[in-house]
Structures are given as structure tokens and as C-alpha cells.
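# Reading the structure
Here are the chains, one letter per residue:
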There are 2 protein chains.
Amino acid sequence: MTDPADLLRKHGLPITAQRLGVLRAVAARPHATADAIAEDVRSGIGSISRQAVYNALGMLAGKGLIRRIQPSGSAALYEDRVGDNHHHLICRTCGTTADVDCAVGKAPCLSASNNAGFRIDEAEVIYWGTCPDCLTKA
Amino acid sequence: MTDPADLLRKHGLPITAQRLGVLRAVAARPHATADAIAEDVRSGIGSISRQAVYNALGMLAGKGLIRRIQPSGSAALYEDRVGDNHHHLICRTCGTTADVDCAVGKAPCLSASNNAGFRIDEAEVIYWGTCPDCLTKA
DNA sequence: ACAAACTCTTGACTTGATCCAGTATTATGT
DNA sequence: ACATAATACTGGATCAAGTCAAGAGTTTGT
Ligand SMILES: [Mn+2]
Ligand SMILES: [Mn+2]
Ligand SMILES: [Zn+2]
Ligand SMILES: [Zn+2]
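In what follows, the accompanying structure is described. Computed from a predicted model, the values in this text were never measured in an experiment.

Residues and elements named next belong to chain B. Listed as protein donors to the manganese ion (ligand 2) are His31 (NE2), Glu79 (OE), His86 (NE2), His88 (NE2) and Asp99 (OD); their distances from the metal cover 1.9 to 2.3 Å. On the basis of relative accessibility, which here comes to 1%, the residue Glu79 falls in the buried class. Taking relative accessible area as the criterion, His88 reaches 2% and is therefore assigned buried.

Turning our attention to the protein's contact with DNA strand C. Around DNA strand C sit 15 residues, and of these Gln51(A), Thr16(B), Gln18(B), Arg19(B) and Ser49(B) come closest. Each atom of DNA strand C within 4 Å of the protein was classed as base or backbone; sugar and phosphate made up 71%. Interatomic distance of 2.4 Å between a side-chain N/O atom of Gln51(A) and a base nitrogen of DNA strand C. Contacts to DNA strand C include Tyr54(A), whose side-chain N or O atom sits 3.0 Å from a phosphate oxygen. The set of elements that each furnish at least two residues to the surface near DNA strand C consists of helix H4 (50-62) of chain A together with helix H2 (17-28) and helix H4 (50-62) of chain B. Among the elements that line the surface near DNA strand C, the one with the most residues is H4(A), at 3 residues. When its residues are assigned to classes, the surface near DNA strand C shows 8 nonpolar, 5 polar and 2 charged.

Looking now at the relation of the copies chain A and chain B. Rotating chain A by 179 degrees about the axis while translating it 0.0 Å along that axis superimposes it on chain B, leaving an RMSD of 0.1 Å. Expressed as a symmetry operation, the mapping of one chain copy onto the other fits a two-fold axis. Proximity to the rotation axis, assessed at the C-alpha, singles out Val125(A) in chain A; its C-alpha lies 2.3 Å from the axis. Comparing interface residues between copies, 100% of those in chain A also lie at the interface in chain B; the contact surface is shared.

Another aspect to go through is the packing of helix H2 (residues 17-28) of chain A against H4(A). Residue and element names in this part refer to chain A. It is at 10 Å that the axes of H2 and H4 come closest, and there the two elements cross at 70 degrees. In terms of their interaxial angle, H2 and H4 are classed as roughly perpendicular. Classified by chirality, the crossing of H4 by H2 is right-handed. Of the residues in H4, those touching H2 at Gln18, Arg19, Val22, Leu23 and Val26 are Ala52, Val53, Ala56, Leu57, Met59 and Leu60.

All names here are of chain B. Every protein donor of the zinc ion (ligand 4) is accounted for by Cys91 (SG), Cys94 (SG), Cys131 (SG) and Cys134 (SG), and the metal-donor separations fall at 2.2 to 2.4 Å. Taken in sequence order, the residues that donate to the zinc ion (ligand 4) follow the motif C-x2-C-x36-C-x2-C. Residue Cys91 is found in strand E4 (residues 87-91), and its partner Cys131 is found in the loop between strand E6 (119-130) and helix H5 (132-137); the two are separated by 40 residues along the sequence. Under the relative-accessibility criterion, Cys131 is labelled buried at 4%.

Analysis parameters
- Per chain, the residues get numbers from 1 upward, laid out in the order the sequence is written.
- Key to labels: chains lettered from A, ligands numbered from 1, both in the order written.
- With the structure being a predicted model, the display of local features is reserved for residues of pLDDT at least 70 and the display and counting of side-chain atom pairs for 80 or more, all residues being used for whole-chain, interface and lining totals.
- Side-chain metrics rest on all non-hydrogen atoms present in the structure, leaving aside hydrogens and water.
- Coordination here is defined by N, O and S atoms within 2.8 Å of the metal (3.2 Å for Na, K and Ca), and since water is not considered, a site can look incomplete.
- Relative accessible area decides the class of each residue, using a 1.4 Å probe on protein chains only: under 20% of the type maximum gives buried, over 50% gives exposed, and in between gives partly exposed.
- A molecule or strand has a residue near it when one of that residue's heavy atoms lies within 4 Å.
- In the analysis that follows, any N or O atom pair within 3.5 Å is treated as a polar contact, provided that within protein one partner can donate a hydrogen and the other can accept it, and provided that, for residues neighboring in sequence, both atoms belong to side chains.
- To qualify as a helix, a DSSP run of H or I must reach at least 4 residues; to qualify as a strand, a run of E must reach at least 2; elements of each kind are numbered from the N terminus.
- In this classification, the charged set is Asp, Glu, Lys and Arg, the nonpolar set is Ala, Val, Leu, Ile, Met, Phe, Trp, Tyr, Cys and Pro, and all remaining amino acids, among them Gly, are polar.
- Superposing copies: least-squares fit, C-alpha atoms only, residues required to have pLDDT of at least 70 in both.
- Working rule for contacts: check all heavy atoms of both residues, and any pair within 4.5 Å makes them a contact.
- Axes here mean lines fitted to C-alpha atoms, for a helix over just the part in contact, with angles spanning 0 to 180 degrees between N-to-C directions.
- By the definition adopted for this analysis, an angle is roughly parallel if under 35 degrees, roughly antiparallel if over 145, roughly perpendicular if from 65 to 115, and oblique otherwise.
- Two helices cross in a left-handed way if the nearer one is turned anticlockwise from the farther one by less than a right angle. They cross in a right-handed way if the turn is clockwise.

What follows is the structure, encoded as C-alpha cells:
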């Protein structure tokens, strides 16, 4: 059921060692960059090209199997946890990223005061601040 | 009072043609990229280096005279309107960016349900969707 | 007008990500 | 199991946004 190969099959995606590796890596380390994921996959299956990592991440994100977060001023992060509209808390000092449950519920979790005629499909919320570790060091 | 040169002086910044040009360009076209601002300044004072544009934008943003917005997957945007904690609405199709007043008030305008020990100093909110123009074209 | 402090220009460089063409792998039909 | 078509992977070039560093040029305070 949650078998990675079945998950790919269920979405009509050909099963490859690279995609399985990427799926596993994303599950293993939430909020990792494409680069960190590539490293992780390499330590599992020996090697993978940068392009294959981006292809897999893009495809999986497109199908809704994983989620992409793009914090200002750093590489995109990927995670496993989808469908629950949670938000993120990022440390300005060390970049540590933590999950925050949405205070409201379903996406879009906030209604804009004046939507200017737009049809809104997502409200992206990122809280910036300082993490506990960096607070004690400061 | 709102004279650009006075504004710079008031913040202890030496007055240069480049900085004045950047200030004027940012005021003239809200939510423009550094590149668009450079073009605008060039049409005003003849020429400016890319670096000078980045220097000026960084310095002005640091002093709080302008605000930088960094939408996922595109270049940073700059604007004049500061100090009112407003948010943004971005069209996924054409990139058009509109202002939205904050529904709550002062920053951080949202309290996270569980702050995980972080000290939050900003809540960045971007609404994604489709603008009126792109809706009719679709 | 002078010196000190600061800014601007130029060109190389970095990072994150994408494009492309050729090769290899996977899935499908017999 | 085998041939074939569809699809994915690789390696290298390329791109966009932004940063770095050294020397030339401005601005400011006296
Ligand atoms: Mn998360
Ligand atoms: Mn705005
Ligand atoms: Zn931290
Ligand atoms: Zn649009």
C-alpha cells in the first residue's frame, strides 16, 4: 500500500531505481535540498545524475506525491508530508526548517481581504525567525 | 520631506545619481525586478552597472526604505510601500503581482499554532492563483 | 581645496536549475 | 522470452540571479 513501487505504479509512472531512491531519500530527511537528496540517493544506489534528481523531484511534485517549498534566498526544499496544508518556520541564522500546523484548516487557509479579481488556489505562509539553538547561542 | 535626496541624507547615506535613480525607479514601478529597475534607471541617467543596482537595492532595503519580496521561482521584486505589512497575490500564469492588505494588522500578522521554540519576527504570506486577465483568456 | 570615507565599474565567479543529444532502461504486445 | 516503442537517465553545455574583489571615481566634512 505505502510501498514506493506501488505508489509509482498507481500514478502511472515507470519504476526506476532513481525514482525509488529519490522517494526514499525525501521520506528519510524532510526539508532537504535537491543536492542533499542526490547525496542521499548516491549513498544508497551508488550514483545518480543531477538531472535525474531534478526530473524525479519535479515529476513527483507534479503528481502531488511530494511537496516543494522555495524559501527566499535558498535552494528549494522537498518533503513527504502532503495534503495537510501545513506551513513552515525557518531560522534566519542557520536555515533549520520546522513544520507548523495550519491554524485555520484547508487551503487556501486565509482569505485575502481583497482578492483583486484573482482566483486564489494557495496561501503560502513562511514564518521567519530564530530557532531555539540559535537563540541560546546569541 | 519626501524628497529622495533628503530621504537618503536622513539615513546617513551619501547621495549618488545611481541611488536617486534606483529610488525613483522603485517608486515608479512597484514590484519590479532588479533588472527592470536597472533598465528604468538607464533610461533616466544614461547608465548604471548591475552591481550598483544590487548595492543600492540591498542598502535601501536594509535601511527599511524599500521592501524586497522573493516569490518562489522568480527574481526578487522591490517596492516602495513599506511599514504597512501588506501581502501579495501572484498570478501563476503571467506573474502579475498585486497588493493585498493584511487582514490582521501588525507583523507578525499570524501566530503559529505551535512555534517550536522559535522567536518569530515575520510572517510572509503569498497568495498564488490566476489573475483576472488570465482567467478570461483561459 | 584637501583628505578620508565611501561608492561605482568591470569582469570573474558561484549557485541553483534547465536544456540538449545520445544512450540505456522499462513497459508492452506477441 | 523477445522485439519494439515509450520513457528515463547521463554528461556536458548553458542560463539566470546574484555575489566578490580590486581599482577608479565621488561625496562629504573640515
Ligand atoms: Mn514541512
Ligand atoms: Mn506590494
Ligand atoms: Zn537556527
Ligand atoms: Zn495572469
